[in-house]
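Here is what each chain is made of, one letter per residue.
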Amino acid sequence: MRSEIIKAVEQAGVVGAGGAGFPTHVKLQAKADVVIANGCECEPLSHSDRHLMQNEPQAIIDGLALAMQATGAKKGIIAIKAKNKTAIQTLSQHLPQDKTISIHGLRNYYPIGDEHLLVYEVTDKLVPPQGIPPQTEVVVLNVATLYNIARAQQKMPVTHRYMTIMGEVAEPKTVSIPIGISIGELISLAGGSLTDDAAYIFGGPMMGQLVYDVNLPVTKTSAALLVLDRQHSLVLKKRFWTKNSQRQAASYCYQCKDCTKTCPRNLLGHDLSPHKNMRQSGYLQAQKALLNLDAGLCSGCGLCASYACQMGLSPLEANRRTLKDKTKTASPGAPTPHPFRNSRFVPMGRLISRLGLRPYNIPVPYDSKRYTPGLISLALKQHVGVPAQPLVNKGERVLAGQLVAETTVGNLGARLHSPIAGCVMETEPNLLIKH
Ligand code: SF4
Ligand code: SF4
């Protein structure tokens, strides 16, 4: 049974829907005591997971039960913010009688969905700093991934996903959309842009990527699109962080340590001090080895940059560049959470205000209308591992749900299925399929 579940998940092309897209069939090969369903919906203003939990409670619980079977876990815990009362109520009505699955209410702070933090909050276990949850016999799966696991058992591949479109659009909403549709079409679905000079944050304001191209396609891991004016402070900051040389940025750093005091990984006891990375960035290359830094422990949550630093700097970028320069050093040892950890959480409301996103913090409805685009663009690499290889040729007709790209046997990756019926227009760099 275990191998059948894992095989079905692999065949359906399921990847982690809430993160980088790690292939789920590989994750399910771990042994665990507990499977945590991550329904935290960490990114400010995103509602896609909440809407999915409200609309598909049974499928999520079925997916969790299957993940428990695959990993040997006796316990399943749905982690969800206590404020999401409707979703909690809906899920509660579908819990199994045997009490193997329960709900754990969480406080509304950022970034509670980070796996290290979530495992500690829910189980009191500390994942080793450079480790992964299975080292503490816990597996964490996003609720959208669990939904896809349940569908995989019905032989339904991953072709659609829930996505919230928010910000400067006429009708912010969550919709279920085919993977491969463009940012431009998403904006049309939300009634159009309210600004003529828009920038787009793909994936959410904190960890999302700032882009300007409306032709970029949705992938299996895209949960939200934030449309902002190019002069919005968050857009300007993100541009500053990536465009300025780190050495130039670090020269403004006055070593107040606010970034380190706020860093959730540091508060969990990890040997990660972003202010030291900023200091290092201002040093000459030869001096880098003097500091014992571990940029590899950074989760990329962005709190140091978007919330903590009063100088508008990004220690997160310093961490990324440190990793690129290969100057990181390992920091083994068991973490000890900081004694002030509980008083340093960043409440979501304060974070939204600090980001300048209060005007967009409004109720967002779910739109159940189905949408078939004229053209989809499937990125061959939208998961961790090697890119999928096309199985179809230019000019070939495909059916909705047909397997169109595959990962070579033995490689880490995930296969792709066409969300629509149509004709293959191109096979690289993306698979273009015209309805
Ligand atoms: S918060 Fe900003 S100024 Fe303070 S140490 Fe960190 S990067 Fe430097
Ligand atoms: S992005 Fe900044 S706050 Fe978040 S884990 Fe990395 S260093 Fe810490």
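None of the values given here were measured: they were computed from a predicted structure.

Visitor: Describe the packing of helix H3 (residues 48-55) against helix H5 (residues 85-92), and please don't skip the residues or the numbers.
Guide: Axis separation between H3 and H5 bottoms out at 8 Å; the angle between their running directions is 35 degrees. H3 and H5 meet at a crossing whose hand is left-handed. Along its contact with H3, which presents Arg50, Met53 and Gln54, the element H5 presents Thr86, Ala87, Thr90 and Leu91. Along the lines of polarity and charge, the residues of the contact of H3 with H5 split into three nonpolar, three polar and one charged.

Visitor: If you had to explain the environment of Tyr254 to someone new, which residues and values would you point to?
Guide: Examined against the element boundaries, Tyr254 turns out to sit in the loop between helix H10 (246-250) and helix H11 (258-262). Between the C-alpha atoms of Tyr254 and Pro429, which are 175 residues apart in sequence, the distance is 44 Å. With near-sequence residues (within four places) excluded, Tyr254 lies in contact with Gln310 and Met311.

Visitor: Any chance you could break down the site of ligand 1 for me, citing the residues and the numbers?
Guide: Around ligand 1, the neighbouring residues are Cys253, Tyr254, Gln255, Cys256, Lys257, Asp258, Cys259, His275, Met278, Cys309, Met311 and Pro315. If you list the elements that add at least two residues to the shell around ligand 1, you get H11 and helix H13 (274-281). Taken together, the residues that form the shell around ligand 1 break down as eight nonpolar, two polar and two charged.

Visitor: Requested: an account of the pattern of salt bridges, with residues and values cited.
Guide: Where charged atoms from two side chains of opposite charge approach closely, those side chains can pair. Within the structure shown, the criterion is met by twelve salt bridges. Note that Glu121 is salt-bridged to Arg107, the shortest N-O span being 3.4 Å. Note that Glu121 is positioned in helix H6 (residues 115-123) and Arg107 in the loop between strand E3 (101-106) and strand E4 (109-110), a separation of 14 residues in sequence. Connected through shared salt-bridge partners, Glu171, Lys173, Asp367 and Lys369 make up one network.

Visitor: How would you explain the pairing of strand E5 (residues 138-142) if you had to name every residue and give the values?
Guide: Burial runs high along E5: five of the five residues are buried. Every second residue of E5 is oriented toward a common face, with Val138, Val140 and Asn142 on one face and Val139 and Leu141 on the other, all of them buried. Of the strand pairs in this sheet, strand E1 (residues 34-39) and E5 are connected by five bridges, and their pairing is parallel. The residue bridging Val34 from the neighbouring strand is Val138, located in E5.

Visitor: Kindly report on the environment of Cys40, identifying the contributing residues and their values.
Guide: Along the chain, the position of Cys40 falls in the loop between E1 and H3. Residue classification places Cys40 among the buried positions, given a relative accessible area of 1%. Separated by 380 residues in the primary sequence, Cys40 and Ile420 have C-alpha atoms spaced 31 Å apart.

Visitor: Account for the site of ligand 2, with residues named and values stated.
Guide: Taken together, 13 residues lie around ligand 2, and Cys263, Cys298, Cys301, Gly302 and Cys304 are the ones closest in. The set of elements that each furnish at least two residues to the shell around ligand 2 consists of helix H12 (264-267) and helix H15 (315-324). Residues of the shell around ligand 2, tallied by class, amount to eight nonpolar, four polar and one charged.

Visitor: Please give an account of the layout of surface pockets that cites residues and values.
Guide: Volume-wise, the second largest pocket comes out at about 290 Å³. Lining the second largest pocket are 20 residues, and of these Tyr147, Asn148, His160, Arg161 and Ser176 lie nearest its centre. Those elements that provide at least two residues to the lining of the second largest pocket are H3, helix H7 (143-153) and strand E6 (160-167). Per-element tally for the lining of the second largest pocket: the top contributor is H7, with four residues. Here the lining of the second largest pocket is composed, by residue class, of ten nonpolar, four polar and six charged. Two domains each provide a minimum of three residues to the lining of the second largest pocket, namely domain 1 (2-153) and domain 2 (159-232 + 356-371).

Visitor: Kindly report on helix H4 (residues 57-71), identifying the contributing residues and their values.
Guide: Given a rise of 1.5 Å per residue, 15 residues ought to cover 21 Å, and the 21 Å separating the end C-alpha atoms of H4 matches this to within 8%. For H4, a buried count of eleven out of 15 residues is recorded, marking the element as mostly surrounded by other parts of the structure. Residues of H4 that are buried: Pro57, Ala59, Ile60, Ile61, Gly63, Leu64, Leu66, Ala67, Met68, Ala70 and Thr71. Downstream of H4 by one or two residues, Gly72 has phi in the positive range, about 80 degrees.

Visitor: Go over the sheet that holds E3 with me, naming the residues and quoting the values.
Guide: The parallel open sheet is built from four strands, whose spatial order is E3-E2-E1-E5. If you trace the sheet from one side to the other, it starts and ends with E3 and E5, each paired once. Each adjacent strand pair in this sheet contributes to an overall mean axis angle of 25 degrees, direction not counted. Looking at chain direction, strand E2 (residues 75-81) and E3 are connected through six bridges and run parallel.

Visitor: So what about unusual backbone geometry? Which residues, and what values?
Guide: The linkage connecting Tyr110 with the following residue, Pro111, adopts the cis geometry, with an omega of 0 degrees. Mapping Pro111 onto the fold places it in the loop between E4 and H6. A cis amide bond links Glu428 to the next residue, Pro429, at an omega of 0 degrees. Assignment of secondary structure puts Pro429 in the loop between strand E18 (422-426) and strand E19 (430-434).

Visitor: Pulling in residues and values, what's your account of the domain arrangement of the protein chain?
Guide: As assigned here, the protein chain comprises domain 1 (2-153), domain 2 (159-232 + 356-371), domain 3 (245-353) and domain 4 (372-435). Between the C-alpha centres of domain 2 and domain 4 the distance comes to 23 Å. Opposite the 13 residues of domain 2 that make contact, domain 4 presents 15 residues. Buried area between domain 2 and domain 4, both sides added, is near 970 Å², and the carbon and sulfur share of it is 60%. It is Thr159, Lys220 and Tyr371 in domain 2 that bury the most area against domain 4; as a group they hold 41% of the surface buried on that side. Applying the counting criterion to the domain 2 and domain 4 interface returns zero salt bridges. The interface formed by domain 2 and domain 4 includes three residue pairs in polar contact (both at pLDDT 80 or more).

Calculation notes
- Residues numbered from 1 in each chain as written.
- Chains lettered and ligands numbered in written order.
- Predicted model: local features only at pLDDT ≥ 70, side-chain atom pairs only at ≥ 80, totals over all residues.
- Heavy atoms only, no water.
- Axes fitted to C-alpha atoms, helices over the stretch in contact; angles between N-to-C directions.
- Helix = DSSP H or I, 4+ residues; strand = E, 2+ residues; numbered from the N terminus.
- Left-handed = near helix turned anticlockwise from the far one by under 90°.
- Contact = heavy atoms within 4.5 Å.
- Nonpolar A, V, L, I, M, F, W, Y, C, P; charged D, E, K, R; others polar.
- Near = heavy atom within 4 Å.
- Salt bridge = Lys/Arg side-chain N within 4 Å of Asp/Glu carboxyl O.
- Buried < 20%, exposed > 50% of the residue type's maximum accessible area, 1.4 Å probe, protein only.
- Pairing = 2+ DSSP bridges.
- 1 Å grid on protein atoms, 1.4 Å probe; cavity = no way out; pocket = protein on both sides within 12 Å on 5 of 7 lines; lining within 4 Å.
- Points joined across faces, edges and corners; volume = space filled by probe spheres on them.
- Domains from an automatic or database assignment.
- Expected span 1.5 Å × (residues − 1).
- Buried area = accessible area lost by both parts, 1.4 Å probe.
- Polar contact = N/O pair within 3.5 Å; in protein donor to acceptor, adjacent residues only side chain to side chain.

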